[in-house]
Amino acid sequence: MLNVLEVFGLTLALAHFTVPLAYYAYAKLKWLKRPWNLSIDENYKPKVTIIIPTYNESKLIEKKLDNIYEQDYPKELMEIIVVDSASTDGTPRLVEEWAREHPEVSVRLLEEPIRRGMNPALNFALKHVPGDTEIVVFTDADSFWPSRALKEIVKYFADPVVGAVTASILPGGSEGGGEIEERVYRGYYNILRVSESKLHSTPVHNGALVAYRLELIQRIGGIPEFTGNNDSTPASIIAFMGYRALQVDDVIVWEPIIKNQFRRRVRRAQHLLLSFLKAKQYARNLGVHAKSLFNCIWRVEWYLHVVNPWLLVLGLLLLMGGFVVYGSLIALALIGVGLALTALRDYRTWILTQTALIVAAVRNIWTKDIIWSK
């Protein structure tokens, strides 16, 4: 017979797994196959400014610029701004050389004297965006797009209700282990984010390619600097304004898997948790918060990111308490089953994701990791 600690521990552990699974299943079954209900126009081609923040990207920056140059989009409607934060490896020089070799595309290099973090750099770059730009795109130097990515992203902005659009992510180019887990992780969340977007908006966007209606970014005063992300926070604020913030499934961009992939996931989780803790109040303080279906999505995702990981921790502690206090072998057996299940790929991937959120929450107590070491 289960003792009281085992009952509560098992209940919390089951709640930890069943709530997100039920939400995922419901979103996939009910929302994913919905039409976008948007006026999407393949021929819509506004002026676009692409901003690339860099810090010691000499190994990637020329390849990144080549990738943007190869976009199936009119060169006269596309501008590139590279904002460099005090690189020491010659990144600015490579940008200047590339620009001289490609005079048919507008390239502007902005250099910061010190490294302040990505969002301050992007806000610095936003001050130099031409007045005729309609859409501003942020992208990481280590992410790469298919040739139709920009054209496919922009078409959604033909509908004035769309304020932000991000691509789905396909991980690859592994320099270390964990590629299978990363693909499972991305596959799960790509489906969930697109499903949420079909209903209204998703609160989680991807820095590999995230596009905004410039007037909305300007209306909220640029990229909020209380978190290190340039994607989820401004997109969520725009969604709180009543606009739609989408992750689309017809644009998939490639992002390499690096050796310290878990460390990168923890850093992203830190910034995402800060977004969930502060973005809604930020929108209210600006006086732009409006009621919409996004508020319902936000509440569920807030719970899944801020609360749900700790149910697993508390459930495990209670089960351990059942063994220590009552000497129960049942508690020990349940913990053993949980450990044995890590042999299953999907379960192991989920545990790694929850671990990243827990580590991120703890790290946020003493460091927000806004400026990270490479």
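The following refers to the structure shown. None of the values given here were measured: they were computed from a predicted structure.

Right, let's get into the overall build of the chain. Helix and strand content of the chain: 12 helices and seven strands. In terms of C-alpha radius of gyration, the chain reaches 22 Å, essentially the compact-globule figure of 21 Å for 374 residues. For the chain, the spread of C-alpha atoms along the three principal axes comes to 75 × 45 × 35 Å. If you take every contact in the chain between residues at least 6 apart in sequence, the share linking residues at least 24 apart comes to 84%. Accessible area for the chain stands at about 16,200 Å²; split by element, carbon and sulfur atoms hold 61% of it. In the chain, 42 positive and 38 negative side-chain charges are present, and the distance between their average locations comes to 7 Å.

Phi at asparagine 37 is positive, roughly 55°, even though this residue is not glycine. Along the chain, asparagine 37 falls in the loop between helix H1 (4–30) and strand S1 (48–54). At asparagine 56, a position not held by glycine, the phi torsion is positive, near 55°.

How two aromatic rings sit relative to each other is set out by the distance from centre to centre and by the angle between their planes. The final tally for this structure, using the stated rule, is 16 aromatic pairs. Relative to tryptophan 298, the ring of phenylalanine 276 lies with its centre 4.8 Å away and its plane at 40°, an arrangement referred to as tilted. Taken together, the residues span a long stretch of sequence, with phenylalanine 276 in helix H9 (residues 261–286) and tryptophan 298 in helix H10 (residues 294–326) at a distance of 22 residues. Each of the two residues, phenylalanine 276 as well as tryptophan 298, counts as buried. Over the ring of tyrosine 69 we find lysine 75; its NZ or CZ atom is 4.8 Å from the centre of that ring. Above the plane of the ring of tyrosine 185 lies arginine 265, whose end atom (NZ or CZ) is 4.0 Å from the centre.

In this section: the nonpolar core. What tends to happen in soluble globular proteins is that the nonpolar side chains get buried as a cluster. Counting residues in each nonpolar core, the largest one holds 42 residues, and the members touching the most others are Ile51, Leu126, Val136, Phe138, Tyr212 and Ile217. Those residues within four positions of leucine 126 in sequence are excluded, and the remaining contacts are Ile51, Val136, Phe138, Leu214, Ile217, Gly222 and Ile223. In terms of nonpolar packing, the next biggest core, distinct from the first, is built from 38 residues, Ile153, Ile169, Leu209 and Val251 among them.

Examined bridge by bridge, strand S2 (residues 78–85) and strand S3 (residues 106–112) share seven bridges and lie parallel to one another. In the strand pairing of S3, valine 82 is matched with leucine 109.

Here H10 crosses helix H11 (residues 329–340) at 145°, and the two axes come no closer than 7 Å. Crossing of H10 against H11: the hand is left-handed. Within the contact between the two elements, H10 uses Leu316, Leu319, Met320, Gly322 and Phe323 and H11 uses Ala331, Leu332, Leu334 and Ile335.

This paragraph deals with the packing of H1 against helix H12 (residues 345–363). At a minimum axis separation of 13 Å, H1 and H12 run at an interaxial angle of 105°. Compared by their axis directions, H1 and H12 come out roughly perpendicular. Residues His16, Phe17 and Pro20 of H1 form the contact with H12, whose participating residues are Tyr347, Trp350, Ile351 and Gln354. Class assignment for the residues of the contact of H1 with H12 results in five nonpolar, two polar and no charged.

Analysis parameters
- Note that residues are indexed from 1 along each chain, following the sequence as it is written.
- Under the rules for a predicted model, residues below a pLDDT of 70 receive no local features and side-chain atom pairs below 80 are neither given nor counted, while totals for whole chains, interfaces and linings still include all residues.
- Neither water nor hydrogens contribute to the side-chain values; these are computed over all heavy atoms in the structure.
- Only DSSP runs of H or I reaching four residues or more are called helices, and only runs of E reaching two or more are called strands; each is numbered from the N terminus.
- Each radius of gyration is computed over the set of C-alpha atoms, and the globule rule expresses the reference value as 2.2 Å times the number of residues to the power 0.38.
- Should any heavy atoms of two residues lie within 4.5 Å, those residues are considered in contact.
- Working definition of accessibility: Shrake-Rupley area with a 1.4 Å probe, residue cover restricted to the visible protein chains.
- Charged residues are defined narrowly, with Lys and Arg counted positive, Asp and Glu counted negative, and His plus the chain ends left uncounted.
- For charged residues, the charge sits on one atom: NZ in Lys, CZ in Arg, CG in Asp, CD in Glu.
- Only Phe, Tyr and Trp rings are paired, with Trp represented by its six-membered ring, and only when their centres lie within 6.5 Å; those with planes under 30 degrees apart are stacked, over 60 edge-to-face, the remainder tilted.
- Accessible area is worked out with a 1.4 Å probe on protein chains only. A residue is then buried under 20% of its type maximum, exposed over 50%, and partly exposed in between.
- Only when the NZ of Lys or the CZ of Arg is both within 6 Å of the ring centre and within 35 degrees of the ring normal is a charge said to sit over the ring.
- Nine residue types can take part in a nonpolar core, namely buried Ala, Val, Leu, Ile, Met, Phe, Trp, Tyr and Cys, and a core is a set of them joined through side-chain atoms within 4.5 Å.
- Here the rule is simple: two strands pair whenever DSSP picks up at least two bridges between them.
- Axis definition: a line fitted to C-alpha atoms, limited for helices to the stretch in contact. Angles are taken between N-to-C directions and run from 0 to 180 degrees.
- In a left-handed crossing the near helix is turned counterclockwise from the far helix by less than a right angle, and in a right-handed crossing that turn is clockwise.
- Angles below 35 degrees are treated as roughly parallel, those above 145 as roughly antiparallel, those between 65 and 115 as roughly perpendicular, and all remaining angles as oblique.
- Lys, Arg, Asp and Glu make up the charged group, whereas Ala, Val, Leu, Ile, Met, Phe, Trp, Tyr, Cys and Pro make up the nonpolar group; the residues left over, Gly among them, are polar.

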